[in-house]
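Read off the chains here:
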Amino acid sequence: MCGIIGYVGERNVVDVLLDGMRRMEYRGYDSAGMALLSGDRFDVIREVGKVAELEKLVHDRGLTGCLGIGHTRWATHGGVTVENAHPHSDESGRFVLVHNGIIENFLDLKEELENRGDHFSSQTDTEVIVHCLARLYDGDMVHALVELQKKLSGSFALVILRKDDPDGFFCVRRGSPLVLGLGDGENFCASDVPPLLPYTREVVYLDEGDIGEVTRKGVRLWDDKGCSKEPTLQEVDWDVSMADKEGYSHFMLKEINEQGAVVRNTLKGRLAEGRVDLSEELQWSQELVASWRNLHIVACGTSYYASLVAERALSKWTDLDVRVDIASEYRYRTVRTDEKTLAVFVSQSGETADTIAAQRLARGLGAHCLAVTNVRGSTLSREVHDTLLLKAGPEIGVAATKTFMGQMTALYLLALYLGRLRGGISAAEEIRLAEELSRLPYKVETVIARENSLQGLAERYVSCRDFLYLGRGYSFPVALEGALKLKEISYLHAEGYAAGEMKHGPIALLDDKVPVITVIPRDSLYEKTLSNILEAKARRSPIIAIGTDGDSLLETYADHVVTVPWTDEEFTPFLSVVPLQLFAYHVAKLRRCDIDRPRNLAKSVTVE
Ligand code: AGP
């Protein structure tokens, strides 16, 4: 939440900052701001609303320069006002900084500073940071930042300009991500990689507590004790086109369309002679694998729903005791986690605060921790024992689509691999399932090509206010994910429910104005779900069924039938989720919602 950026070089810093802020606007879009340093003069511009609002102001003022910092905000402390927008400065105007994160002890610090005579002009925790910094600074920036870290509790990534330092900026990270981008005669820093992609793919991920100095000539790093350290250079395998809309009207639609490729890429290099082989990435000894009894999967939001899908496959193909938890719950109740536990943390961003905290808890209790994430170098991936990367490319739409697909693919690979290592599945069955997994990209693409029928359905039901999504078995998490997509981007009320549970309560909601969207592939639970359709139909609800090609029976039960190609029961979520994503997309489009940047949301939820 919140995106921060810094630049120094020959380009017009205003263009670099605005472009970078737009590229990470998914991190927050309540307000935006930037500060430029020219000579010894700061220009600070802040505006409520999206980056486009700030852009108008900046262009009206005709600002240019070579050194500056920027911020796009998701409000935590203090309302959405210009005064609370970043950057913030100290009273003397010597420092200006932008912040991503939360300072938990800011009220105590503020009181202390006020007692010493400081005045504040915002309600933010960030203004407290810059006041503290000004008081700690004695001519040595590194020392001041070491001391500042000791004073602050919470999470933060900061980019800081100093009035008497026209050569560059400082930055520091603890708990919130920060990556440096290295160019030729120019250097960058940002919360995420996408803002860097138009200029460089050479990056340095800061470690916890790292302090960086970024000038035109290069970067220098110190650890949290102020000891100098060598930057570790990495090359990112994303390119700038991956973070562009490429002709699509929205990133979400582009990302839905990329889903076949995501499955293909995530499988690539991980199947050998028809069998799953993750041994290069997961260097697990036989003893380690044999020592596990429990498998815990922990995640939030869409990642949690992908985990629920995988739970069913993992329980079937392995002998492990599998349980899936929402990260914010896992942390606060008694869970038997120990050395016999493989704990898997699923997070697109790898920056979700609750998931990271749950990982720390599990690791502290002795679990072997694995991250399933889309972002190499993310906080989560740096803290776990092992990482399994989705190969989905950057996901810019705030509503996750292609990474849900990537997560299911990665988790299914894990399930088959564990099944093989622990003897829970025969070689022949593994080969057969892996073959079907390899066919999925084509089947996913077939479903995407049927987009028109979903557009038609969206037109038909766009005026409804409440929707019920039902599914059983593997289709239950799909129903949850379908409902989440509609809620997130169209602001309509949608509930996902286990089809068999409907009669235990939600059935009271049904009437002819509440469509029931039922995920009903031709699987072992088909007849049971069919009965639930009948129950809803008897209450006059319009029925939309997501079924299997050739299922003519469904036509007689449902008002509308959308079908997807046949696949094994275990793989049905890969196909049935796609119509639900497209339905949500078209409803939101007809309602003229801001599809890629839904209100109140941010893509990475870095607060607890
Ligand atoms: C998905 O559409 C949501 N934006 C949200 O639920 C998301 O999945 C959740 O915040 C988890 O994020 P993560 O995968 O980056 O941890």
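## Quick word on the sheet that holds strand E14 (residues 228-229)
Paired through their backbone hydrogen bonds, the strands of a sheet run either parallel or antiparallel. Ordered by their spatial adjacency, seven strands build an open sheet running E5-E6-E7-E8-E12-E13-E14, and the pairing between neighbours is antiparallel. This sheet does not close on itself; its edge strands, each paired only once, are strand E5 (88-89) and E14. In terms of strand pairing, strand E7 (residues 154-162) meets strand E8 (residues 168-174) through four bridges, oriented antiparallel. Bridge pairing links Leu158 to Val172 in E8. Lying over the sheet, helix H4 (residues 125-136) contacts E5, strand E6 (95-103) and E7, oriented at roughly 125° with respect to E6. Here helix H5 (residues 141-151) sits on the sheet in contact with E6, E7, E8, strand E12 (211-215) and strand E13 (219-222), set at roughly 25° to E8.

## Topic: the sheet that holds strand E9 (residues 179-182)
Taken together, the eight strands give an open sheet; going across it, the order is E3-E2-E4-E1-E10-E9-E11-E15, and neighbouring strands pair in antiparallel fashion. In this open sheet, the two strands that pair with only one neighbour each are strand E3 (41-48) and strand E15 (234-235). Inspection of the sheet shows strand E1 (residues 3-8) paired to strand E4 (residues 67-73) by six bridges, in the antiparallel sense. What sits directly across from Gly6, in E4, is Ile69. In the packing of helix H2 (residues 51-61) onto the sheet, contacts are made with strand E2 (31-38), E3 and E4, and the angle to E3 comes to roughly 140°.

## Some details on the environment of Ala32
You can see Ala32 is positioned in strand E2. Separated by 432 residues in the primary sequence, Ala32 and Cys464 have C-alpha atoms spaced 35 Å apart. With sequence-adjacent residues up to four places away left out, Ala32 is seen in contact with Met21, Ile45, Arg46, Glu47, Gly49, Val51, Leu54, His71, Thr72, Ala85 and His86.

## As for the packing of helix H7 (residues 259-267) against helix H14 (residues 427-448)
Packing of H7 against H14 brings their axes to within 8 Å, and their N-to-C directions diverge by 170°. The angle between H7 and H14 falls in the class roughly antiparallel. Touching Gln259, Gly260, Ala261, Val263, Arg264 and Leu267 of H7 are Leu437, Ser438, Leu440, Pro441, Tyr442, Val444, Glu445 and Ile448, all from H14. Split into classes, the residues belonging to the contact of H7 with H14 amount to nine nonpolar, three polar and two charged.

Conventions and cut-offs
All chains use their own residue numbering, which begins from 1 and follows the written sequence. With the structure being a predicted model, the display of local features is reserved for residues of pLDDT at least 70 and the display and counting of side-chain atom pairs for 80 or more, all residues being used for whole-chain, interface and lining totals. To obtain the side-chain values, all non-hydrogen atoms of the structure were included, while hydrogens and water were left out. One requirement defines pairing of two strands: DSSP has to find at least two bridges between them. Numbering of helices and strands starts at the N terminus; helices are DSSP runs of H or I of at least 4 residues and strands are runs of E of at least 2. By the convention used here, residues are in contact when the closest approach between their heavy atoms is within 4.5 Å. Between the N-to-C directions of two axes lies an angle of 0 to 180 degrees, each axis being a line fitted to C-alpha atoms and, for a helix, fitted only over the stretch in contact. With respect to orientation, any angle under 35 degrees is reported as roughly parallel, any angle over 145 as roughly antiparallel, any angle of 65 to 115 as roughly perpendicular, and every other angle as oblique. In this count, Pro and Cys sit with the nonpolar residues alongside Ala, Val, Leu, Ile, Met, Phe, Trp and Tyr, while Asp, Glu, Lys and Arg are called charged and the others, Gly among them, polar.

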